[in-house]
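Below are the chains, spelled out letter by letter.
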Amino acid sequence: VGEDVGERGGDQRPLAASGERRIGAPEAVLEDVGADVGFADHHGVVEHRHVGVDEVGRGALAGPVVVAAVQITTNVSGVTDSKQLPKHHRTQVAQRLHNRCSLIRFGSADNHEIDTLGLSRALSVAYERALTDVEADLVLTDHYTLPTPHRFIRATKGETLFYPVAAASVVA
């Protein structure tokens, strides 16, 4: 039924209350931090701007950490959690994603920023940079609480539950 995050304020509702379909994600939480969820209406067609985010380099000793933000509205074969793909397949899938995604943004923090700020704050900086000027109705994360005002869902194993997060894990 979701967990109460309690860190960011706003209207915090379990995933099921958001109208999104729960896909076996008991720890998924929707945080509404006051952002307006205005879906663009083009001649009666509702377009949902869902963006997936994921990072790489979090376990690296020397940095950098890189965050990818991806919006994709079409299926691309081979998209799954990047840790499940051999390097040569990951490279091929990433190329297909670069050709098919409607949005790909990156944010990073280098080893100097990690040393100065610490890993947690440097990771927040990388997420902020990846999501700068990104207009999204909803951001999907791999259990990361966003440091930005975007409305988001965080779920444990988000890259296995949410297609845009899996796409972000591949391109990151």
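Definitions and cut-offs
Residues numbered from 1 in each chain as written. Predicted model: local features only at pLDDT ≥ 70, side-chain atom pairs only at ≥ 80, totals over all residues. Heavy atoms only, no water. Buried < 20%, exposed > 50% of the residue type's maximum accessible area, 1.4 Å probe, protein only. Helix = DSSP H or I, 4+ residues; strand = E, 2+ residues; numbered from the N terminus. Pairing = 2+ DSSP bridges. Salt bridge = Lys/Arg side-chain N within 4 Å of Asp/Glu carboxyl O. Core = buried A, V, L, I, M, F, W, Y, C linked by side-chain atoms within 4.5 Å. Contact = heavy atoms within 4.5 Å. pLDDT = per-residue confidence, 0-100. Phe/Tyr/Trp six-rings, centres within 6.5 Å; stacked < 30°, edge-to-face > 60°.

K.L.:
Where do I start with the pairing of strand β6 (residues 65–71) in this structure?
P.N.:
In terms of residue burial, β6 counts as a mostly covered element, since seven of its seven residues are buried. Side chains of β6 alternate between two faces, with V65, V67, A69 and Q71 and V66, A68 and V70 buried alike. Here strand β5 (residues 50–56) runs beside β6; their pairing, made up of five bridges, is antiparallel. Looking across to β6, one finds that V56 is bridged to V66. In this structure, β6 lies alongside strand β7 (residues 103–109), joined through seven bridges in antiparallel fashion. The residue bridging A69 from the neighbouring strand is R105, located in β7.

K.L.:
Which parts of the structure should I look at to understand the environment of T73?
P.N.:
Mapping T73 onto the fold places it in the loop between β6 and α1 (87–100). Relative accessible area serves as the criterion here: at 66%, T73 is assigned to the exposed category. Each C-alpha atom, one on T73 and one on P164, is 8.6 Å from the other, the two residues being 91 residues apart in sequence.

K.L.:
I keep staring at the pattern of salt bridges and nothing clicks. Help me out?
P.N.:
Opposite charge on two side chains allows them to pair when their charged atoms are near. Scanning all chains against the criterion turns up six salt bridges. Of the charged contacts, one joins D81 and K83 as a salt bridge, the two residues approaching to 3.3 Å between their closest N and O atoms. Note on K83: relative accessible area 61%, which makes it exposed. Across the salt bridge formed by K83 and E159, the nearest N and O atoms sit 3.8 Å from each other. With a gap of 76 residues between them, K83 in the loop between β6 and α1 and E159 in helix α4 (residues 158–161) connect regions that are remote in the sequence. Owing to a relative accessible area of 5%, E159 belongs among the buried residues under this scheme. Salt bridges sharing partners connect three or more residues here, namely R49, E135 and D137.

K.L.:
Help me understand the nonpolar core in this model?
P.N.:
One recurring pattern in soluble globular proteins is that nonpolar side chains are buried together. Residues V51, V53, V67, Y127, L131, V139 and L146 are the most contacted members of the largest nonpolar core, which totals 20 residues. Those elements that place two or more of their residues in this core are β5, β6, β7 and α3 (119–131). No other element matches the six residues that α3 contributes to this core. What Y127 contacts, discounting residues up to four positions off in sequence, is V53, D54, E55, V67, Y144, L146 and P147. Judged by nonpolar contacts, the second largest core, of 16 residues, contains V79, I104, A167 and V170.

K.L.:
Help me out: how do you make sense of the confidence of the model for the protein in this one?
P.N.:
Low pLDDT means the predicted coordinates in that region are not meant to be read closely. With 71% of its residues at a pLDDT of 70 or more, the protein has an overall mean of 78. Contacts for the low-pLDDT stretch residues 1–27, under 50 throughout, to residues beyond four places or in other chains number 63 contacts. Per-residue pLDDT stays below 50 along residues 30–46; that stretch engages in 41 contacts with residues further than four places along the chain or on separate chains.

K.L.:
How do you make sense of the packing of aromatic side chains when you look at a structure like this?
P.N.:
Each aromatic ring pair is described using two quantities: the centre-to-centre distance and the angle formed by the ring planes. One pass over the full model with this rule turns up one aromatic pair. Summarising the aromatic geometry, the rings of Y127 and Y144 are spaced 4.0 Å apart at their centres and angled 10° between planes, so their arrangement reads as stacked. Taken as a pair, Y127 in helix α3 and Y144 in the loop between β8 (138–141) and β9 (152–154) lie far apart in primary sequence, 17 residues in all. Residue Y127 is classed as buried on the basis of its relative accessible area of 0%.

K.L.:
Even after reading the chapter, I still don't get the environment of L131, so can you show me in this structure?
P.N.:
Structurally, L131 is set in helix α3. Note on L131: relative accessible area 2%, which makes it buried. Sequence spacing of L131 and F106 is 25 residues, and the spatial spacing of their C-alpha atoms is 8.0 Å. When residues no more than four places from it in sequence are discounted, the contact partners of L131 are V51, V53, A69, V139, L146, T148 and H150.

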